[in-house]
Amino acid sequence: MKIFRGIEAYESNKTAYVTTGTFDGVHIGHKKILKQLSETAHADGALSVLVTFDPHPRKVLFPEQSGLQLINTLEEKLELLGSCGMDAVIVQQFTLEFSRTTALSYVRDLLVAKVKMKKLVIGYDHQFGKNREGSIEQLSEYAPLYGFQVDEIPVQEIDQVNVSSTKVRYALNDGIIVEANTYLGYKFFMTGEVVRGEGRGKQLSIPTANIGINDDDKITPKTGVYAVEVQVDGESFLGVVNIGSNPTFGENNKPSIEVHILNFDKDIYGQKIRLYFKNRIRDEKKFDSSEQLVAQIKQDIEIAKGI
């Protein structure tokens, strides 16, 4: 998969079948669109091309509405897209100037003229262009004028619940990991660097790795204890992660992500590791003593083994 930083940077002599959007999470609804795009493009000898945006348009258009967190970092999203059979991904920088591009100019001057689009595959509710003025109806008008086809994908449903990136975020914010994973079609994951912590885990004979996430826009699940799969040094291990502020040791602790990796005893400070979330075990709780905390962690480990 080739990655181009901007539509102007895109280069190819082949015609393209295109889809466009933020694709945060690359969930099962997204994958349905990408699968159809890839299969039809390759059957017709065209390239499958995704146009996505960075930063997320809402960050630019509504900066006063702080708090939007994303399921994937850009690097994670590109990694997931690479497994979906795309020939090329165009990462278009989203600015206020770009947001003023009309629907007509976006389709005619960028997608058709620059990317050589011959087919556009979109979801049922896709809107685009200045003030989100573009719609499936407008696309249907533009298609015969500028020589491309439009394929509309109906809403993908699970148990009659529409899938969307927003619903995945809600599930993660509520700690409902199984639901989020079902929508995503894979285990939600976080990638970070092992950083120095307070060393409390080692003192309790249950060593933990503190994970630093370098992207402030990356969503963190609800505080609590989770069973996770830990990927480190090319291997996978079972782990128990605590997301919270360790209230047993005081009221003003900084929020942290700490994982105890089972059957693991290596110095991994400074290394990148990845946590795949399997299920939520319990809420974070303040214990009366460190002994009670240790006893609970041991129970958490046994529950994680069962999960």
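Above: the structure in question.
Structural notes, computed from the coordinates. Keep in mind it's a predicted model, so treat the numbers as computed, not measured.

**What to know about the pairing of strand E9 (residues 189–195)**
Then step 1. Sheet analysis places E9 next to strand E14 (residues 272–282), joined by five bridges and oriented antiparallel. When the sheet's bridge partners are listed, Gly192 is paired in E14 with Ile273.
Then step 2. Pairing of E9 with strand E10 (residues 209–212) involves three bridges; the strand directions are antiparallel. Pairing of Val195 across the sheet is with Asn210, part of E10.

**Things to note about helix H8 (residues 177–184)**
Then step 1. Buried within H8 are the following residues: Ile177, Ala180, Asn181, Tyr183 and Leu184. Looking straight down H8, one finds that the buried residues subtend no more than 160 degrees of arc, so they occupy a single side.
Then step 2. Of the residues one or two after H8, Gly185 is the one with positive phi, at around 85 degrees.

**Points about the sheet that holds strand E4 (residues 88–93)**
Then step 1. Taken in spatial order, the six strands of this open sheet run E1-E4-E3-E2-E5-E6, and their pairing is parallel. Of all the strands in the sheet, the pair left with one neighbour each is strand E1 (2–4) and strand E6 (149–153). The sheet shows a mean angle of 25 degrees between the axes of neighbouring strands, taken without regard to direction.
Then step 2. Relative to E4, E1 runs parallel, the two sharing three bridges. Counterpart to Lys2 in the pairing with E4 is Ala88.
Then step 3. Each of strand E2 (16–20), strand E3 (47–54), strand E5 (117–123) and E6 is contacted by helix H1 (residues 28–43), which is oriented at about 170 degrees to E2, the strand it contacts most.

**Details of the packing of aromatic side chains**
Then step 1. Under the criterion given, the structure shown has eleven aromatic pairs.
Then step 2. When the centroid spacing of 5.6 Å and the interplanar angle of 50 degrees are considered together, the rings of Phe188 and Phe277 count as tilted. Of this pair, Phe188 sits in the loop between H8 and E9 while Phe277 is found in strand E14, placing the two residues 89 residues apart along the sequence. The same class applies to Phe188 and to Phe277, which are both buried.
Then step 3. Pairing Tyr226 with Phe277 gives two aromatic rings, centres 5.4 Å apart and planes at 75 degrees, and the pair type is edge-to-face. One end of the pair, Tyr226, is in strand E11 (residues 224–232); the other, Phe277, is in strand E14, with 51 residues separating them in the sequence.
Then step 4. For Tyr226, a relative accessible area of 0% translates into the label buried.
Then step 5. Judged by relative accessible area, Phe277 falls into the buried class, the value being 0%.
Then step 6. Here the aromatic residues Phe53, Phe94, Phe98 and Tyr106 are joined through ring pairs into a cluster of three or more.
Then step 7. One Lys or Arg, Arg196, reaches over the ring of Tyr269 and ends 3.6 Å from the middle of that ring.
Then step 8. A cation over a ring is seen here: Lys218 above Phe189, with NZ or CZ 5.5 Å from the ring centre.

**Comments concerning the pairing of E5**
Then step 1. Within E5, six of the seven residues are buried, which leaves the element mostly enclosed by the surrounding structure.
Then step 2. Alignment of E2 against E5, held across three bridges, turns out to be parallel. Counted as the bridge partner of Tyr17 is Lys119 from E5.
Then step 3. For E5 and E6, the ladder comprises five bridges, and the chain directions are parallel. If you follow Val121 over to E6, its bridge partner there is Asp151.

**So, the side chain of Ser256**
Then step 1. Looking at where Ser256 falls in the secondary structure, it is placed in strand E13 (residues 256–261).
Then step 2. On the basis of relative accessible area, Ser256 is assigned to the buried category, the value being 16%.
Then step 3. Only 3.2 Å separates the side chain of Ser256 from the side chain of Glu258, close enough to count as a polar contact.
Then step 4. Discounting residues that sit within four places of it in the chain, Ser256 has contacts with Asn210, Asn242, Ile243, Gly244 and Asn246.

**Remarks on the nonpolar core**
Then step 1. Membership of the largest hydrophobic core comes to 53 residues, with the highest contact counts inside it found for Val259, Ile273, Leu275 and Phe277.
Then step 2. Among the elements that take part in this core, H1 stands out by supplying five residues, more than any other.
Then step 3. Judged by nonpolar contacts, the second largest core, of 29 residues, contains Tyr10, Ala88, Ile122 and Tyr142.

**Here we look at the side chain of Glu76**
Then step 1. Mapped onto the elements, Glu76 comes out in helix H3 (residues 74–82).
Then step 2. In terms of polar contacts, Glu76 uses its side chain to reach the side chain of Lys218, at 2.8 Å.
Then step 3. Among all residues touching Glu76, those that are not within four sequence positions of it are Ile71, Phe189, Met190, Thr191, Lys218 and Arg274.

**A look at the environment of Tyr106**
Then step 1. Tracing the sequence through the fold places Tyr106 in helix H5 (residues 103–112).
Then step 2. Tyr106 sits in the buried class, given a relative accessible area of 5%.
Then step 3. For the pair Tyr106 and Val259, spaced 153 residues apart in sequence, the C-alpha to C-alpha distance is 45 Å.
Then step 4. For Tyr106, the side chain forms a polar contact with the side chain of Thr20, separated by 2.7 Å.

Each value, and the rule that gives it
- Residues numbered from 1 in each chain as written.
- Predicted model: local features only at pLDDT ≥ 70, side-chain atom pairs only at ≥ 80, totals over all residues.
- Heavy atoms only, no water.
- Pairing = 2+ DSSP bridges.
- Helix = DSSP H or I, 4+ residues; strand = E, 2+ residues; numbered from the N terminus.
- Buried < 20%, exposed > 50% of the residue type's maximum accessible area, 1.4 Å probe, protein only.
- Arc of directions from axis to C-beta.
- Axes fitted to C-alpha atoms, helices over the stretch in contact; angles between N-to-C directions.
- Contact = heavy atoms within 4.5 Å.
- Phe/Tyr/Trp six-rings, centres within 6.5 Å; stacked < 30°, edge-to-face > 60°.
- Lys NZ or Arg CZ within 6 Å of the ring centre and 35° of its normal.
- Polar contact = N/O pair within 3.5 Å; in protein donor to acceptor, adjacent residues only side chain to side chain.
- Core = buried A, V, L, I, M, F, W, Y, C linked by side-chain atoms within 4.5 Å.

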